[in-house]
Amino acid sequence: MEYKTLSVEGSQFGDEGKGKITDYIASHADVVCRYQGGNNAGHSIEIDGVRHALRSLPSGIYEKGVLNVIANGVVVNPFAILEEIEENFKGREKDLRLAISDRAHLILPYHIQLDGAYEDLMGKNKIGTTHKGIGPCYSDKAKRIGIRVGDLLDKDYLHERLETALGVNNKVLVGLGKESVDIEKLYSDLLVVAERLRPYITDTSVLLNEAIDAGKKVVFEGAQGSLLDLDHGTYPFVTSSSPTSVSIPVNAGIAPYKVQRVLAIMKSYMTRVGEGPMPSEQDNEWGNAIRERGHEYGTVTKRPRRVGYLDLVLLGYTSRITGVTDLAVTLFDVLEGVENLKICVDYSLDGKIIDYVPASAKTYAHCKPIYKEFKTIPHFEHRKIHSFGDLPIEAKEYLGFIKDRLGADIAILSLGAEREDTVTFKELF
Ligand code: IMP
C-alpha cells in the first residue's frame, strides 16, 4: 500500500527554515506530528507579515483542520507548553487541535537545573546546549526514572514517580552544590498543569496509525537537524534525540514501512549554533555578511549562528542515513549577489582526500574543506519563478550540482520569508 506520509527533516545542524516549509506543507496535510526533541527547537514562521515563534507545538498549528500531534519521542515541559499555548491561542483554545502522547516524557525544573550544572562542570568541553533540560530529561528516560505525560493523570502514581525521580536527582543536585527540589511544591504545581493539559493527552500512536491507514496526509516534522542526531550526528556535539526519518517508527509508534518519502530541508549555506566542528565555517567578512542577510541568530537563545559554505560531504552523509528522496532548499535569496560562492565537495585529512565524515569529533576537527567555486547568482524576480527552468543560469548551476551530487529532486525552493515566496517544483502529496 502506498501511504501518504512524509518525513520533513533538517539535513544540517538545525535552523534550516523547517518551520516555514513544514507550515507550507501543513497547509496540504491532515496531520502534523513532532516526534522528538522538545522546546529546544524554535521554528519561526511568518504568516501575513507576522512572525510566530513555536517551540514545542507542531508547525501545523495555524492551519484550520490540521491535527497536531506531539508523539511519544518528544520531551514536554508542561509549564512551557502551556505558556506557548497561551501565547498563541489566548482566548481561542478551542481552535487548537492538539494531541499529546501519554508516553512522552516530562521536562521538569530539575532537568533544567542539571542541564546548566553539567555544562558548567564540562567547562571548555561543554556542548553549548540550549539549557532547556533536554539531555537530563532523555537521560532520566533511559535511566527509567523519567515521568511521563500520562502520569500526570494519576495523582497517586505521579507522587510515587516524583519520589523515585527526586530520590536520585536531589542527591545529584546537592552533590553539585545546587538546591534540592521540594517534592510537595512541584507535585502541587503539576496537579494544576495536569488539569489544563488533560484534554490533549492521549495514545497518539493510535491516532497516527488510524490516520495513516485511512490514507490521510501525515507529516512528521523533525526538530533540530540530522547532524545533531544523537547516533549519527557530530557526537558529542549533538542533541539527545534523533531528528531523522529513521527514528520516526519508535518515536511515534508506527511501523517503519509507513514512512516512504523523506524531504530534507537544506539551507543554501551552512550554519551551526553551539560548539563542535564545522569544516566550511567562515569566521570572516563573508560569514558576517551572510549572518546579517539571513538573520542568522537563534530563535530560542538569540545566539549568533556560525556561518559557512554549503558542505556536500555532510549533506551526502545525512542523505544516505535518512534516505532523502526530495530536497527543499531554503534561504536561496540570501546568496543573490554574493561573491566568492563555493561548495565544499571533499575534505583533506592528513594529506589524503576523503569524502566521508569521521566518527571522532577530534579527527573531524582536522578535516580541511576542498571547494568547488560557483559564479555569483544575480538578483532575480522571485515571483516570476514557477519552474526550475525559470531560474538564472548561475542558480541552475549551483542547484543542479547539489541535486546531482545528492541524487534527490529539488522539490521546493524558498526565496523569502512569506509563503508566496516558496516555489514548488514537485508535488509531494
Ligand atoms: P540541547 O538540544 O539543548 O541539548 O543542545 C545540544 C546541541 O544542539 C547544542 O549545540 C544546541 O545548540 C543544538 N540545538 C538544539 N536545538 C537546536 C535547534 O533547534 N536548532 C539548532 N541547534 C539546536
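Residues numbered from 1 in each chain as written. Predicted model: local features only at pLDDT ≥ 70, side-chain atom pairs only at ≥ 80, totals over all residues. Heavy atoms only, no water.

What follows covers the site of the ligand. Surveying the vicinity of the ligand reveals 16 residues, the closest of which are Asp-15, Asn-40, Thr-130, Thr-239 and Arg-303. Here an oxygen atom of the ligand sits 3.4 Å away from a polar atom, N or O, in the main chain of Gly-128. A distance of 3.4 Å separates a nitrogen atom of the ligand from a polar side-chain atom of Gln-224. For the ligand, the accessible surface in isolation is 470 Å², of which the surrounding protein chains cover 96%. (Near = heavy atom within 4 Å. Polar contact = N/O pair within 3.5 Å; in protein donor to acceptor, adjacent residues only side chain to side chain. Areas by Shrake-Rupley, 256 points an atom, 1.4 Å probe, with all protein chains shown as cover.)

Another point: the sheet that holds strand 10 (residues 218-221). Spatially, 9-7-5-2-10-1-11-15-19-20 is the arrangement adopted by the 10 strands of the open sheet, whose pairing is mixed. The sheet is open, and its two edges are formed by strand 9 (201-202) and strand 20 (422-424), each paired on a single side. The pairing of strand 5 (residues 67-70) with strand 7 (residues 98-101) spans three bridges and is parallel. From the neighbouring strand, Val-69 faces strand 7, where its bridge partner is Ala-99. (Pairing = 2+ DSSP bridges. Helix = DSSP H or I, 4+ residues; strand = E, 2+ residues; numbered from the N terminus.)

Counted under the stated rule, the structure contains nine aromatic pairs. Taking the centre distance of 6.1 Å and the plane angle of 45° together, the rings of Phe-332 and Tyr-398 count as tilted. With Phe-332 in the loop between strand 15 (326-330) and strand 16 (341-349) and Tyr-398 in helix 12 (residues 393-406), this residue pair connects regions lying 66 residues apart in the sequence. Each member of the pair, Phe-332 as well as Tyr-398, carries the same accessibility label: buried. Seen in terms of ring centroids, Phe-374 and Phe-401 are 5.4 Å apart; in terms of plane orientation they differ by 65°. Their pairing is edge-to-face. Taken together, the residues span a long stretch of sequence, with Phe-374 in strand 18 (residues 368-374) and Phe-401 in helix 12 at a distance of 27 residues. Above the plane of the ring of Phe-374 lies Lys-372, whose end atom (NZ or CZ) is 5.2 Å from the centre. For the cation-ring pair, Lys-372 lies above Phe-401, with the distance from its terminal atom to the ring centre recorded as 5.5 Å. (Phe/Tyr/Trp six-rings, centres within 6.5 Å; stacked < 30°, edge-to-face > 60°. Buried < 20%, exposed > 50% of the residue type's maximum accessible area, 1.4 Å probe, protein only. Lys NZ or Arg CZ within 6 Å of the ring centre and 35° of its normal.)

The grouping of Asp-154, Asp-156, Glu-160, Glu-163, Asp-182 and Glu-184 at the surface amounts to a negative patch. With three residues, helix 5 (residues 155-175) is the largest single contributor of residues to the negative patch. Here Glu-184 lies in helix 6 (residues 183-197). Residue class for Glu-184 comes out partly exposed when judged on its relative accessible area of 43%. (Patch = residues over 30% accessible without salt bridge, like charges linked within 9 Å, V, L, I, M, F, W, Y side chains within 5 Å. Salt bridge = Lys/Arg side-chain N within 4 Å of Asp/Glu carboxyl O. Lys, Arg positive; Asp, Glu negative; His and termini not counted. Charge placed at Lys NZ, Arg CZ, Asp CG, Glu CD.)

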